[in-house]
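Architecture at a glance
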Amino acid sequence: MPFLPRPINLDGSYVGDVGFDPFYLSSIPKNFAGFIQPPQWEDVEGISTLYWMREAELKHGRVAMLAWTGWLATDGALGVGAFRFPGAVYQDVPSSYEAHDIMVAQGSLGFMIFAVGFIEFCTSAGSTTPQLAYQSGSTAIYRLGDRGIKVLVDPNPSQEDTLKLVHEQNTSQALPPTVRKRHVLDVKGFKGDPAIYFKWTEGQTLAEWLGKARRRHDADLAVRLQVAIAIVETLREFNASSVVYNNLSPQNIVLDKSEGTYVATFIDLSEAVVYYNRDEEFAIRVREMDLKPLGTLLNELFCTSYIAEGDKDEGGSDYVAEGMEEERKEEPSMRKRGKQQALGEGLPMYLGTLISTLLLSGEMDATSSYGSAKDVLLDLRVVETNPQAFLKPLVMDDHLVRGQLQLPEDSFYGRQSEISMLLHALNSVTQLGGQPMFVSISGSPGTGKSTLIKQIKKPLQNANGHFLLGKFDARSQSDAAIFSALDNFYLDLMRQGRECVQRDIRSRVLGSIGGAGCRVLSKSIPSLHAFVGGEDESDDSFGMVVAEHRWKYLLCKLVAATAGESCPLVIALDDLQWADDESLDALRLIATDPDIKHCLFVGIHRDNQASSTTRLKELLQGMQEQGVSLMSMRLGPIEKSDVNRMLSEVMCLPPRLTQQLSTIIYNKTGGIALFVCRFLMSLNQEGLLWFNLNTRRWEYDPRGIEAKEISGDVVAHMAERMTRLPHAMQSGLKLAACLGSTFDAATLEKGTPENDIDITEFLRFAVEGGYLRLISPNKYSWAHDQIHEAAFDLIPESKRESFHLLLGSRIFLRTTPEELGGDDLFTIVGNMNIGIRLIKSQEQKLEVARLNLRAGEQAMKASSFNSAAKYLMLGVTLLPESSWAEDYALSLRLHDAAAEALYVTGDFDSLTTIVQTPLLHARCFEDKLNSYNTIVRYFNAAGKHAEGLAKSRSVLSSLGEPLPDHIDNNVYASEVVAVKGLLANLSEDNLLGLPRMTDERKLVSEEIRYYSLDCSGTKRSYQISTHFQACMQFLNHSVSSAYCVEPLLAPILVFRMMKLSVQFGVCSISPFAFGLYGAWLVSALNSDFDGGYRMGRLAITLMNRLDAKEFIPRVYTSVYCFINIWKEPLQAALAKYLEGYDAGALSGDMEYAVSGLFQYSSSALNCCGEDLALLQKNIRLYIRRAIQCKQMLVAKPLVVLYAQMLELVGSKESAYSPYLDTDEDALYRESLQLGEVSNCRLILYKRKFVAFYYSDMDASAEYHQQQTKFSFGVNARQSHGLIGVFIDGLIAFYFARKHRNDERRWQKIGEAVVALVKNWSLNSEWNFANKLYLLEAEQFFYQNDEARALEKYHQASKSAHDHHFVQEEGLAFERAARFHLHYGRSGEALVCLTQAKKCYSQWGAVGLVQHIEKTILQVI
C-alpha cells in the first residue's frame, strides 16, 4: 500500500509478490502461528507462517476449481448433463444445489468430508517436513519449500563454527538485496542444534554443471564465457559492496538461467570478509584475495579437459540443487584421475593470458595485473563482443614462431560517430528518394580516412550495392584516377562471377550508352569492353576535337546506368588534394548530373595543404549551389581507448594488460592511426615487443619503449626505420616508390639494375613488412601513401633527378615496341621527364620528345587531357630552335597536338601562345590549318564571336572562298541567285546521289589528324581530305557566330556550303548545310514551306547515308526547330530535340546538344502547353547542364525561359541570380552591348508574352514596339517567334478597338498577322488553325461583327482543345469572356472565364489562375 510500510516478509521472492498485505497476515506472531501449524513444526523456530498460509491458499484454490468443474459437468453447462453421484436417489435431481440436502440426509457428504480431511492430513504431514538435501561431517542442509536450513550436526560445535553462522547472517545483511548471494533470514536452533535459515536458491552448482557439460561434450567456449561472466559479475557486486567472498569454488556457486543467459549466486558466506572505512589501497589488497582463486576457477571452467579433483572436502560445499541427488550418486564412479594439465594450457591466447595473470595476482606489477573483479569483467565482456577475434585457437604459425607481429589490413578502431554519419548518408541515398549526396572526409595524413570509408562496404553489400574506389597520386596521371577506379570495378565484377548481377548491369549500360559508347570509353576503361562483350571495333569518327565533352557525357551515363535503386553505388575518391582541375570538373559533373540516382560520392583529402583545400572548397560550394546535399567530417587522432583496443586485438591480450603499452604508444604517436601501426611494427623489429614461446603470449619492455626516442612525424619515422633495412630492400623500396601508387612486378624488374635485387624476395619482404599490398597477381600497391612518401624520401634530394632518369631509361631499353603502348609508356616518360634537366645530348632530347608525343597522344585517346597537355608541352620545350628545319614532322605534330590538348583543357592562355609557332614556321598553308582550326574554336568557346568570325573570314579567303566584308541587298541577291541557279535543275535523287568530296589537290584535316610516327620519326600514315572540306569546316564554325553578331552573313555561309557540296561532293557537314538551307527557305523572306520541308527530309536522309552521326544535333536543330514546325505537329518535335541532345552529348557537340534542350524548353513552354510543374524541374536541370558544359550562350536564354515560366506559375523566386548572378535588366544591357541579338529578342518576347497573358496590354504593346528592332530578318524563325507574331496580332486588334489616333497602324498590323497566319494554316492546320480562328475572332470583334466573332471564338477554343494546345484553349476562352463583357453578357463571360481557369489550371499556370479568379470576382 502506498501509505503503509512494506511487510518485512514480503521481499519480492514469491511469484506475484507486490508487497500488498494491509492486514500484515504475513507477519503473524509465533504464538498464533502455533495455533495453525502442525505439531511437527513446533520445534522449528524462526519459520513464519507465510509458507504454510501460501500452501493452504493454493489448495483452497485447487478445490474451488474442481468444484467449478463439477458444477459444469453435473448441471449440463457443458452440454453433458449425464454426470450424477452414484445412487438412484440422485439420478432425477435437477441441480447440484438441490443434491446438497439429499447428500446430508443420506450421510454421503460427511463421508466425503472425512476422505478429504484424511488426504489433506497425509499430504500436509509429508510436505511440511524438512527434507535433508545434503550432509557432511559438520553440517547438514535441509529444504522446506522455498526455505533452507543449514544445521551444525556436531554434538559439541566449537564457538568458531557457531560464530561462522552469525557471520553468514551479518554478511548477507551487509550485502544489498540485489546482490546474488544466499539470503540468510535468521540464526536459530533446529532441534536443539545451531542453524541458519535462508531462502532456497534454485539452480545447480557449477560443479554439477561442469560434470554434465563434460559428459555431454556440448558446452563450447561461448557458453562457458557466459558462465564466467555471470560468476565475475557476482564477484564484482560483492567487491562493490566492500565484501571479499574468499571462498570461490565450483561447489559454492549456483547457476541458473535468467532471460536467456546465466546468473551466478554465491551461497556459502562463511569465509567472506567485510571491510569498512579503509583507503583504496587497502581495498585493492583485500580484493586481490579473490583474484587468484578466480583464476583457478576460470581455468577449471574453460579447460576442455576438465578433471574433477575427487569428492568434496568435509566442509567444501553446503548445497546441492533440488533434483541433483541421483546425479550426485552417479558422479563418483564416473570420475577418472589423471595427470593435471598446466593452468591455461590449450586455451585461446586471450583467455590463457587472462587466467595466468589472475593466478599471478600479487606477484606482478600493478600495471600488468588485475586490481579487481571489475577489470576482469570488462575484459571478459570484450571477448563477448568479438568472439571471432579472441576465442580463436592459438596456432603456432611461422610468424609466431619467429615472433613477427602481424597487423591486419585496413584495421579500424573508434570513429563510431563518423561511421554513423556515413551510414546515415548511405541510407539517405538508398532509401530516401535516391538523390545523390557528397560526403567530404578530411584530416591529417595517417588519421585513417581511407580506412573509414571502407567500413561502408559491408552495409553496402547487404543492400546489394557496389563500391568503387579511386585514388589520385601526386606522381602519376591524376586525371586517370576516375577511369582507373571504373576499370578496377568492372574487373572485380567479372572476377566475382555473379552472372545475374553482371547481366543486370550489362543490360543497363548497353541500354544507356550502347555499344558505340562502350567502345569509346573502353579506351579509358579497358575492362568495360570485356565486361559488355561485342566486337573490338575502333570508333574514331568524332576525333579529338569533341572528345572531352563526349567522354564526360558518356561517363555520366555510365555511372547512372551502373547505379540503381536495387543496387546503389558508392564512389569514393581518395587523395583528392592531388586531383587536377579536369578531374575535379569531371567529379562535379558526375555528382551534379540529375540522371544519376542512388549514388553516394565520397571525397577523401588532406586538409594540411592550403592550395588544394581552397580548390576543394570551391568544388563543394559549386556542388551545393547546384543542389547536391553535402556532409563534411574531419578526422583527428583516435582516442587512447581505441589505441588500447587495437593493441588488445592485434596481440590477442586483455585490454587491461595492454593499457600500459597503449598509454606509452599514444603519448609518442599522438594517436595518429598510421603512426601507431608503424611504431608498433618497429617495436617488434627492435625486440621491445616479442612473443614468448614459453608463456605463449605477447610481452613487451615498457621501460625500453618509454626510453625510445622517435620523430614526431610519421614519414620521418618510417624513413628512419627504412634506413636500417638491408641495402637490397632499401633499393627495392626506392625503385618501387618511383613507379607510382600501383605497379606491376614486371615493370619493377625492368627498372632494377642487374644482379642488384632479388625481386621475388623483395616483394615478399615488402608485403610481410606491411609496406606493400598484393592487389592482384603480380600487381602491387603501397599500403599507405605515407609509406610511399617515406620510401621516396630514401632517395637523397640531390640524386632524385638522376635516379628517375636512370630508372626510366632502364625500363625503356628493356621494353619491346609492342609493350610500349601500355602503361609502361607513362612510367618511362614520367620518370625521364623528372630528370630531363640532366639530358645534354640533342639526339636524346628528341628521343624523349618523341616519347612525350606518343604518351600525350595515348593520354588523349584515354581522355586524360591534362596529362596529355603536360606531356606534349614538355615535348615542345625539348625541341631545339632548329627542329623546324631538321625534324619538321615531329615539330608540327607536337605543336598541333599540344594546341588541341590545351583547347580541350581550357588553358586558353597557353593555347594562344603555342598556336602561333606553327603559323610562323609551317612550310605551307595547309600545315597551318590545324592551328587556325583551334584558334577559331577557341574564339567561339570563349564567346568572342566577332574575333572568331574575322579569323574564319581570313582563312576562307586564303582557301579561295572569300566572304563579303559588307552585305547589302545586291550582294545578298547575287548570292541567292547563284545558289538557286545551282540547285534549279537538281532533283532530290540528284542531290542524294552527289559524290563524296575526294579531290586531293590540296590537303587539310577536317578534324585533328596527325602523322603517326614511331620513335624514329618514320611516317606511318596520314589522313587526307580536300581543300573544300576545310572550307566546309570553317564555314560550319562560322554559322553560330554569324547568327549571333552578323545575322545577314548567316544565310550566305549556308549558300557557300551548299555550293561546295553540289560542285565538289558531299561530306559529313553537307547534311547540316541542307538543313540550314531548308530553314532559309521557310524564313519570313521566302515562306517556301514545301521547298524547305523537302530540303529538310533530304538533310536527314543524306546524314544517314553518310553516317554523319556527329552532326545529328545540328541537323535536328535546323530541321525540327526551323522547318518541320510548318508541316508537322509542334508536339512531334519535342522528342527529337531531346534525341538531338543525347546525340550531341555523345559526339561532343555540346553547343548544339544544349541548343536542343533550349528548343525543347521553348517549344514545350510557348507552343505545346506542357505541364509547367514538370517543365520547371526540367528547365532547372537543363540550365545546370548548360553551365556544366560551359555553354553560356545557351544557358542565358534557358534562364530567360525559366523566368517566364516562374511568372506564369506565380512564383516570386529569382530566376537569374542563382545561375547568372545578375538580373533581367542587367542581362539585357549586357546582351545589347555584346551584340547578342537573339538574347535581346528573347527577353523582349518573354516580357511581351507575360504582360499579354496578365492583361497588361500597355506593357505588351511597349515590348512589341521594342522587339521590332530585333527582327529575324532573312533567318529562319523559331517556334517562340511564331507565338510572338500571333500575340502581336491580338495586341494590334485590342488597341485598334480603342479607336485612338494610332488605330489605323494597329489595324494594319493585325490584318498583316491574320494574312500571315492564314498562309501558315494552309501548310499546318494542326499548328495554326486555332491561332487563325482567334485572330479572326478579334478582327470581327474590332469590326463589331458580333455573330461571326462569337463563331470564331468557339472555333478557336475547340481547335485548340482538339490539337492539345491547352494554354491557347484557355486564352481563347479568356478573350471570348472579354468579348461577352463588352456586350454586357456577364453570365456568358463567367462561363468562359471558368473554362479559361480550368485550362490554365491544367497547364499548371497558377499565377494565371489567380489572375482569372480576380477577374471573376470583378464580374460578380
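Reading the values: rules and limits
- Residues numbered from 1 in each chain as written.
- Predicted model: local features only at pLDDT ≥ 70, side-chain atom pairs only at ≥ 80, totals over all residues.
- Heavy atoms only, no water.
- Phe/Tyr/Trp six-rings, centres within 6.5 Å; stacked < 30°, edge-to-face > 60°.
- Helix = DSSP H or I, 4+ residues; strand = E, 2+ residues; numbered from the N terminus.
- Buried < 20%, exposed > 50% of the residue type's maximum accessible area, 1.4 Å probe, protein only.
- Lys NZ or Arg CZ within 6 Å of the ring centre and 35° of its normal.
- Contact = heavy atoms within 4.5 Å.
- Polar contact = N/O pair within 3.5 Å; in protein donor to acceptor, adjacent residues only side chain to side chain.
- Pairing = 2+ DSSP bridges.
- Axes fitted to C-alpha atoms, helices over the stretch in contact; angles between N-to-C directions.
- Expected span 1.5 Å × (residues − 1).
- pLDDT = per-residue confidence, 0-100.
- Parallel < 35°, antiparallel > 145°, perpendicular 65-115°, else oblique.
- Nonpolar A, V, L, I, M, F, W, Y, C, P; charged D, E, K, R; others polar.
- Salt bridge = Lys/Arg side-chain N within 4 Å of Asp/Glu carboxyl O.

Another point: the packing of aromatic side chains. Tallied over the entire structure, the rule returns 44 aromatic pairs. Arranged with centres 6.1 Å apart and planes meeting at 85°, the rings of Tyr-553 and Tyr-1141 form a pair that is edge-to-face. Separated by 588 residues along the polypeptide, Tyr-553 in helix α20 (residues 547-562) and Tyr-1141 in helix α49 (residues 1132-1147) bring together distant segments of the chain. Just as Tyr-553 is buried, Tyr-1141 falls in that class too. Measuring from centroid to centroid gives 5.2 Å for Phe-1295 and Trp-1306, while their planes differ by 25°, and the two rings are stacked. Here Phe-1295, found in helix α57 (residues 1279-1296), pairs with Trp-1306, found in helix α58 (residues 1303-1323); they are 11 residues apart in sequence, far enough to count as distant. Residue class for Phe-1295 comes out buried when judged on its relative accessible area of 2%. With relative accessibility at 3%, the residue Trp-1306 sits in the buried group. The ring of Tyr-903 carries the charged tip of Arg-937 above its face, separated from the ring centre by 4.3 Å. Looking at Arg-1305, its charged tip hangs above the ring of Trp-1306, at a distance of 4.5 Å from the centre.

This part covers the environment of Glu-686. The topology assignment puts Glu-686 in the loop between α25 (673-685) and β16 (689-692). The contacts of Glu-686, once residues within four sequence positions are left out, are Lys-708, Arg-721 and Arg-724. Here the side chain of Glu-686 touches Arg-724 through a polar contact of 3.0 Å, side chain to side chain.

Here we come to the side chain of Glu-233. As for its placement among the helices and strands, Glu-233 is situated in helix α7 (residues 221-240). Accessibility expressed as a relative area gives 18% for Glu-233, which makes it buried. Only 2.8 Å separates the side chain of Glu-233 from the side chain of Arg-236, close enough to count as a polar contact. In this structure Glu-233 touches Leu-377 and Arg-381, once residues within four positions along its chain are discounted.

The next subject is the pairing of strand β20 (residues 779-782). Both strand β18 (residues 742-744) and β20 contribute to a ladder of 3 bridges, which runs antiparallel. Within β20, the residue paired with Thr-742 across the bridge is Ser-781. Where strand β19 (residues 772-776) and β20 come together, 4 bridges link them in antiparallel fashion. Across the sheet, residue Leu-774 finds its bridge partner in β20, namely Tyr-780. Adjacent in sequence and paired antiparallel, β19 and β20 are bridged by 2 residues, among which Asn-778 carries a positive phi angle near 65°.

In spatial order, the strands read β12-β13-β14-β11-β15; together these 5 strands make up an open sheet with parallel pairing. Both outer strands of the open sheet, β12 (466-471) and β15 (629-635), are each paired with one neighbouring strand and no more. Here the strands of the sheet are splayed against their neighbours by 15° on average, with no regard to which way each runs. As judged from the 7 bridges shared by strand β11 (residues 437-443) and strand β14 (residues 599-606), these two strands associate in the parallel manner. Paired with Met-437 across the strands is Leu-600, a residue of β14. On the sheet, helix α14 (residues 416-431) packs against β11, β13 (569-574), β14 and β15 and is oriented at approximately 165° with respect to β15.

Our next topic: helix α17 (residues 481-496). For α17, built from 16 residues, the straight-helix expectation of 22 Å at 1.5 Å per residue is met to within 8% by its first-to-last C-alpha distance of 22 Å. Looking only at α17, the buried set comprises Ala-481, Ile-482, Phe-483, Ala-485, Leu-486, Asp-487, Phe-489, Tyr-490 and Leu-493. Directly beyond the C-terminal end of α17, a positive phi value near 75° is found at Gly-497.

A few words now on the confidence of the model for the protein chain. Overall, the prediction assigns the protein chain a mean pLDDT of 83, with 86% of residues at 70 or greater. When pLDDT is averaged over each helix and strand of the protein chain, the minimum, 36, is found for helix α9 (residues 325-334) and the maximum, 96, for helix α59 (residues 1325-1342). For the stretch residues 319-343, pLDDT sits under 50, and the model shows 46 contacts to residues farther than four places along the chain or on other chains. Contacts for the low-pLDDT stretch residues 999-1026, under 50 throughout, to residues beyond four places or in other chains number 75 contacts.

Their axes nearest at 11 Å, the elements helix α10 (residues 349-359) and helix α11 (residues 373-385) cross at an angle of 170°. Overall, the two elements α10 and α11 adopt an arrangement that is roughly antiparallel. Between α10, through Tyr-350, Leu-351, Leu-354 and Leu-358, and α11, the contact on the second element is made entirely by Val-376, Asp-379, Leu-380, Val-382 and Val-383. A breakdown of the residues in the contact of α10 with α11 according to their chemical character gives 8 nonpolar, no polar and 1 charged.

So, about the sheet that holds strand β2 (residues 139-144). Overall, antiparallel pairing links the 5 strands, which are arranged β1-β2-β3-β5-β4 in an open sheet. Each having just a single partner strand, β1 (131-135) and β4 (184-190) make up the two edges of the open sheet. Taken pair by pair, the neighbouring strands of this sheet meet at an average axis angle of 25°, ignoring direction. As paired elements, β4 and strand β5 (residues 193-199) share 6 bridges and run antiparallel to each other. Bridging across to β5, Lys-188 finds its partner in Ala-195. Contacts between helix α5 (residues 159-174) and the sheet are confined to β3 (147-152), β4 and β5, with β4 contributing the most and set at about 155° to the helix.

Evaluation of the coordinates by the stated rule reveals 63 salt bridges. Residues Arg-147 and Asp-146 are paired through a salt bridge, measuring 3.3 Å at the closest nitrogen-oxygen approach. Pair check on accessibility: Arg-147 and Asp-146 agree, each one buried. Here Arg-606 and Asp-785 are joined by a salt bridge, their closest N and O atoms 2.9 Å apart. On the criterion of sequence distance, the pair formed by Arg-606 in strand β14 and Asp-785 in helix α31 (residues 785-792) is long-range, its members being 179 residues apart. Pair check on accessibility: Arg-606 and Asp-785 agree, each one buried. Here the residues in one salt-bridge network are Glu-1207, Glu-1224, Asp-1225, Lys-1246 and Arg-1247, joined through shared partners.

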